[in-house]
Amino acid sequence: MIRSSYGEKALPAVMDDHGLSDAFTHNRQRAADGLTAMEHSLPGFARQCGRMDDLPDMETVRDRLAGTFDDILVFGTGGSSLGGQAATALARYGDAGGPRLHFPDSLDPYEMDRLFSSLTPQKTHILAISKSGGTAETLAQLLTARAWIDTGVPLEKIGRHFTFITEPGDRPLRRYGEGLGCMIIDHPSDVGGRFSVLTAVGMVPAMLSGLSVTGFRDGARAVLDDALANPGSAAPVEGAALAYTLAAERNIGTVVLMPYADVLRAFTRWHGQLWAESLGKDGLGSTPVRAIGPVDQHSQLQLYVDGPDDKFYTLIGVPGHGRGPAVPHAPALDNGLDYMAGKTIGDIVACQTRATAETLRKRGRIVRMMTMEAMDERWLGGLFMHFMLETVLTAHLMGINAYDQPGVEDSKVLTRRYLCELE
Ligand SMILES: O=P(O)(O)OC[C@H]1O[C@](O)(CO)[C@@H](O)[C@@H]1O
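Residues numbered from 1 in each chain as written. Predicted model: local features only at pLDDT ≥ 70, side-chain atom pairs only at ≥ 80, totals over all residues.

**Quick look at the nonpolar core**
Formed by 108 residues in total, the largest nonpolar core has its most connected members in Ala-128, Val-204, Val-237, Tyr-313, Phe-384 and Met-388. Looking at this core, the element that brings in the most residues is helix H16 (residues 377-398), giving 13 residues. Per-domain counts for this core show at least three residues from each of domain 1 (3-38 + 216-406) and domain 2 (47-211). Those residues in contact with Ala-128 that lie beyond four places of it in its chain are Phe-75, Gly-76, Thr-138, Leu-142, Phe-162, Phe-164 and Leu-173. (Core = buried A, V, L, I, M, F, W, Y, C linked by C-beta atoms within 7 Å. Buried ≥ 20, exposed ≤ 12 C-beta atoms within 10 Å, placed from the backbone. Helix = DSSP H or I, 4+ residues; strand = E, 2+ residues; numbered from the N terminus. Domains from an automatic or database assignment. Contact = placed C-beta atoms within 7 Å.)

**Observations regarding the domain arrangement of the chain**
Its domain assignment divides the chain into domain 1 (3-38 + 216-406) and domain 2 (47-211). With 21 residues of domain 1 at the interface, the matching set in domain 2 holds 21 residues. Take the side of domain 1 that touches domain 2: its biggest share by element is eight residues, from helix H12 (residues 265-279). By residue class, the composition of the side of domain 1 that touches domain 2 is 14 nonpolar, two polar and five charged. (Nonpolar A, V, L, I, M, F, W, Y, C, P; charged D, E, K, R; others polar.)

**Notes on helix H2 (residues 21-40)**
With 20 residues, H2 should reach 28 Å at 1.5 Å per residue; the first-to-last C-alpha distance of 30 Å fits that figure. Turning to H2, its buried residues number three or more, namely Phe-24, Asn-27, Arg-28, Ala-31, Ala-32 and Leu-35. Viewed along the axis of H2, the buried residues span an arc of 145°, placing them on a single side of the element. Exposed residues lying more than 90 degrees from the buried face of H2 are Asp-22, Ala-37 and His-40. Looking at the buried residues of H2, the elements they touch are helix H1 (11-17), helix H10 (213-229), helix H11 (235-250) and H16. (Expected span 1.5 Å × (residues − 1). Arc of directions from axis to C-beta.)

**Some remarks on the site of the ligand**
Not every one of the 14 residues close to the ligand is listed here, only the nearest: Gly-78, Gly-79, Ser-132, Thr-135 and Gly-193. When grouped by side-chain class, the residues that make up the shell around the ligand number one nonpolar, 10 polar and three charged. (Near = placed C-beta within 6 Å.)

**Brief notes about the environment of Met-58**
Summarising the element assignment, Met-58 is placed in helix H4 (residues 55-65). Taking the C-alpha atoms as reference, Met-58 lies 16 Å from Ser-130; in sequence the two are 72 residues apart. Discounting chain neighbours no more than four positions away, the residues touching Met-58 are Ala-200, Met-203, Val-204, Met-207 and Val-213.

**As for the pairing of strand E6 (residues 183-186)**
With four bridges joining them, strand E5 (residues 162-166) and E6 adopt parallel strand pairing. By the bridge assignment, Ile-165 is partnered in E6 with Ile-185. Running through helix H8 (residues 172-180), the crossover from E5 to the neighbouring parallel element E6 is right-handed. (Pairing = 2+ DSSP bridges. Right-handed = clockwise from strand over helix to strand, strands pointing away.)

**As for the confidence of the model for the chain**
For the chain, the average pLDDT comes to 96, and 100% of its residues sit at 70 or higher. Scoring of the predicted complex yields 0.96 for pTM and 0.98 for ipTM. (pLDDT = per-residue confidence, 0-100.)

**A word on the packing of H2 against H16**
Across the interface, H2 lies against H16 with an axial gap of 9 Å and an inter-helix angle of 115°. The handedness of the crossing between H2 and H16 is right-handed. Of H16, the residues touching H2 (which contributes Asn-27, Arg-30, Ala-31, Gly-34 and Leu-35) are Leu-393, His-396 and Leu-397. Here the residues of the contact of H2 with H16 sort into four nonpolar, three polar and one charged. (Axes fitted to C-alpha atoms, helices over the stretch in contact; angles between N-to-C directions. Left-handed = near helix turned anticlockwise from the far one by under 90°.)

**A word on helix H15 (residues 345-362)**
For H15, which comprises 18 residues, the first-to-last C-alpha distance of 26 Å matches the rise-based estimate of 26 Å (1.5 Å per residue) to within 8%. Here the buried face of H15 lies against helix H13 (301-306), strand E9 (311-317) and strand E10 (367-371). Where H15 terminates, the next one or two residues include Gly-364, which has phi positive at roughly 85°.

**A short note on the sheet that holds E10**
On the basis of which strands lie adjacent, the open sheet formed by five strands has the order E1-E10-E9-E7-E8 and mixed pairing. The open sheet is flanked by strand E1 (3-5) and strand E8 (287-290), the only strands paired with a single partner. Ignoring which end each strand starts from, the neighbouring axes of this sheet average 20° apart. Pairing between E1 and E10: three bridges, direction antiparallel.

This is the structure:
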């Protein structure tokens with residue numbers, strides 16, 4: 001289980017030190033009540049961790065692609081891409097082999113040109129993901145990719161180069177896929193894009209990267225079950241109560257997520273969308289900030305330690321001690337670097353993680369340290385579930401709907417209008 005700690009004291013005592021004991025206790029009870037209410041009718045995202053019925057479709061995609069394609073272009077944006085990116089990052093240190101996955105999630109003409117000129121149509125598969133099936137960026141990528149694939153693949157084989165994930169119903173992506181005769185996997189209608197990492201949206205890319213879908217889902221289920229069994233003290237309940245109390249009582253409206261692991265870079269982007277799009281509405285919200293340790297100690301830490309006290313910090317520590325290459329003794333001693341002689345890179349990072357947390361706490365900042373005991377599917381699945389629960393429980397405390405995003409519609413409508421007006 002992922003542990004959250006707040007320094008030498010437990011969270012209630014830390015809140016007491018900050019004069020926030022009553023507000024925190026009250027909000028923690030409200031968040032716990034929100035979680036208990038969920039138990040009777042689990043939200044769609046939470047139900048995904050018990051699913052097995054969608055595995056055969058995912059395995060079919062994997063088996064069809066195996067040995068045939070060198071590269072997979074995953075088209076999709078926001079929640080239709082970030083979960084897959086966060087999950088597949090784990091494969092970076094494995095040796096699963098298999099095709100290379102590319103996630104051009106931000107529409108960019110130079111990047112599209114680069115991809116099409118560096119890949120081979122005959123050896124490339126397109127995985128297009130869009131819940132709505134109507135997102136302009138994804139459809140534009142898809143149609144340009146089709147024209148590019150056409151340059152090297154005969155018409156009767158085109159359908160094998162595409163797989164789509166979209167909601168059931170009449171929508172542009174599904175219509176296009178039916179015309180192509182390609183495989184189409186249903187995006188569950190009751191799961192929003194930014195909550196879809198445990199559906200095929202995140203799990204097909206994970207499986208194509210050689211990762212274990214059941215590992216992710218089992219880890220997520222362990223966190224969910226633990227929270228439901230202990231709502232009063234569950235880590236996502238405490239996290240939601242803390243974030244909400246700090247925002248409501250102290251105007252601390254920025255949450256900094258700073259893992260000490262390169263493999264969690266994409267995770268911070270996934271979390272950024274989850275938190276911002278779920279909570280930023282009705283004039284309310286809190287701003288997610290991404291940082292990575294130790295590199296951002298050399299760009300952000302000055303602000304965090306010495307700047308305004310308007311942020312709540314979550315550091316994520318991963319197994320480090322004894323990992324990675326060791327600094328050889330002799331050159332370290334010869335160069336006056338005795339303190340690092342014989343230590344591994346992992347030892348150094350672990351000490352930096354601890355030092356940053358303590359430095360921030362000395363300045364009175366509230367720092368949550370989350371510790372992962374392994375960098376594997378189970379632990380990452382648990383982290384996904386933790387933050388999805390924490391986000392919806394924070395929305396519950398704020399009295400807002402975590403699942404919609406009405407504010408982004410205007411820009412989509414205007415984009416379409418401006419495109420029509422272009423000569
Ligand atoms: O999966 P879709 O429907 O293409 O949407 C992609 C993303 O666009 C948004 O709707 C915001 O524009 C996100 O909520 C969503 O994850």
